[in-house]
Amino acid sequence: MSLTELFKTKTVFSLEVFPPKKSSPTEAILPTLKRLQSINPDFISVTLGAGGTAHCDGTVEIANLIQNKLDIPAVAHVPGLYQTQEQVLALLDRLDSINVKNILALRGDKIPGKEPVGVFNHANELVKFVHENRPDFSIASACYPNCHTEAPDFVDDITHLKEKVDAGADHLISQLFFDNQAFYDFKEKTEIAGIHVPIEAGIMPCTNKNQIERITQISGVPIPKKFAAIMDRYQNSKEAMLDAGIAFAVDQIIDLVSQGVDGIHLYTMNKSKIAKRIWDETQSVFEASNLSKQTENA
Ligand code: FAD
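Residues numbered from 1 in each chain as written. Predicted model: local features only at pLDDT ≥ 70, side-chain atom pairs only at ≥ 80, totals over all residues. Heavy atoms only, no water.

Just so we agree on the cut-off: UniProt positions are given in the numbering used here, feature names are shortened, and annotations may be inferred rather than shown by experiment.
You'll find the protein entered in an unreviewed UniProt entry as Methylenetetrahydrofolate reductase, with Lentilactobacillus kefiri given as the organism. UniProt's Catalytic activity (unreviewed entry) comment on the protein is quoted here verbatim: "(6S)-5-methyl-5,6,7,8-tetrahydrofolate + NAD(+) = (6R)-5,10-methylene-5,6,7,8-tetrahydrofolate + NADH + H(+)". The record held by UniProt for the protein lists under Sequence similarities (unreviewed entry) the comment "Belongs to the methylenetetrahydrofolate reductase family."

## Some remarks on the side chain of Asn 290
Heads up, the condition is: Helix numbers and strand numbers start at the N terminus; a helix is a DSSP run of H or I with at least 4 residues, a strand a run of E with at least 2. Burial here depends on accessible area, computed with a 1.4 Å probe over protein chains only, as a share of the maximum for the residue type. Under 20% is buried, over 50% is exposed, and the range in between is partly exposed. Contacts were defined at the residue level, with two residues in contact if any of their heavy atoms lie within 4.5 Å.
With respect to the helices and strands, the residue Asn 290 is situated in helix H11 (residues 272–297). Residue classification places Asn 290 among the buried residues on the basis of a relative accessible area of 12%. When residues no more than four places from it in sequence are discounted, the contact partners of Asn 290 are Lys 10 and Thr 11.

## Side note on the sheet that holds strand S8 (residues 263–266)
For clarity, the cut-off: Pairing between two strands requires that DSSP report at least two bridges joining them. Working convention: axes come from line fits to C-alpha atoms, limited for helices to the stretch in contact. Angles between N-to-C directions cover 0 to 180 degrees.
Ordered by their spatial adjacency, eight strands build a closed barrel running S1-S2-S3-S4-S5-S6-S7-S8, and the pairing between neighbours is parallel. Strand-to-strand twist across the sheet, computed as the mean angle between neighbouring axes with direction ignored, equals 30°. Both strand S5 (residues 138–143) and strand S6 (residues 171–176) contribute to a ladder of four bridges, which runs parallel. Within the sheet, the bridge partner assigned to Ala 140 lies in S6 and is His 171.

## Topic: helix H2 (residues 30–37)
The line we're drawing: Relevant arc is that of directions from the helix axis to the C-beta atoms, nothing else.
Along H2, the residues that are buried comprise Leu 30, Thr 32, Leu 33 and Leu 36. Projected onto a plane normal to the axis of H2, the buried residues spread over an arc of 155° and lie on a single side. Those residues of H2 hidden inside the fold are in contact with strand S1 (12–17), strand S2 (43–46), helix H3 (56–69) and H11.

In structure tokens:
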């Protein structure tokens, strides 16, 4: 079943991982992936070039393990900023050869001091190119419930988001957020703009203060008072911070699923034990939600 079809039948649950460093063997990630397999996610996406560190080979190799060794649909991230048309087509061919037909088409993180190629300056150009040249691929794109940091305002950002969808994006995955109301307001804006593809909510459990401060600084995502208090109170206890970060994410997920979200994309990255704990605490709400979706569709 294609991912687009899957969204019609259930509340999708997906995970994201990053490839190991170039110096580590690909197989080093296998125990992590095996633990993620026990969760049985609907798909696992693999980053490429996030923060300017990863490499294309690693993404293809990990996508191969996910798709063919774990038998879980893999989604390969494809950032366009530093690629030519030929490089994108070659990457799609490599993915095709390992039976991976799902990509997340992105502009990509800017690498300080590195000049973009100038072909895919924005994600909508890459989505259009892939859609026209490889219509057999399913294309996801990114969206921003707290507005993209470079956008002058929400109207501008949502206008460009609509361009990505019109160019052929089948579904959207949101950047992480900590305030569900921001996601609900954003969802309303997308509906007014005529964006009707499934939108997965991106949830990142923050389990240490430095991590969250770095991420919110890069992404511009605000930290709600409730979460700031948790960090202040528990930052010196690794265990308490872990428990509180997981509980906060679980709380977000239960609320989102109860409001009929299309899917949850968990940014636990390679921390499979955290992903497993979150899944164990939310599995029943996904199952209950899927049951009522099936009844509605019957
Ligand atoms: P775009 O859609 O191009 O948007 C970027 C900015 O440009 C926005 O402000 C938008 O409003 C504006 N804009 C869009 N189109 C136009 C246009 N036609 N004209 C003028 N302005 C326009 N980065 C990586 O490098 N590797 C990864 O693996 C990776 N994975 C990610 C996964 C997810 C789920 C998300 C949410 C982000 C990921 N990123 C990754 C980060 C992403 O590359 C950055 O957030 C980047 O800044 C924007 O990417 P985009 O695809 O949303 O860009």
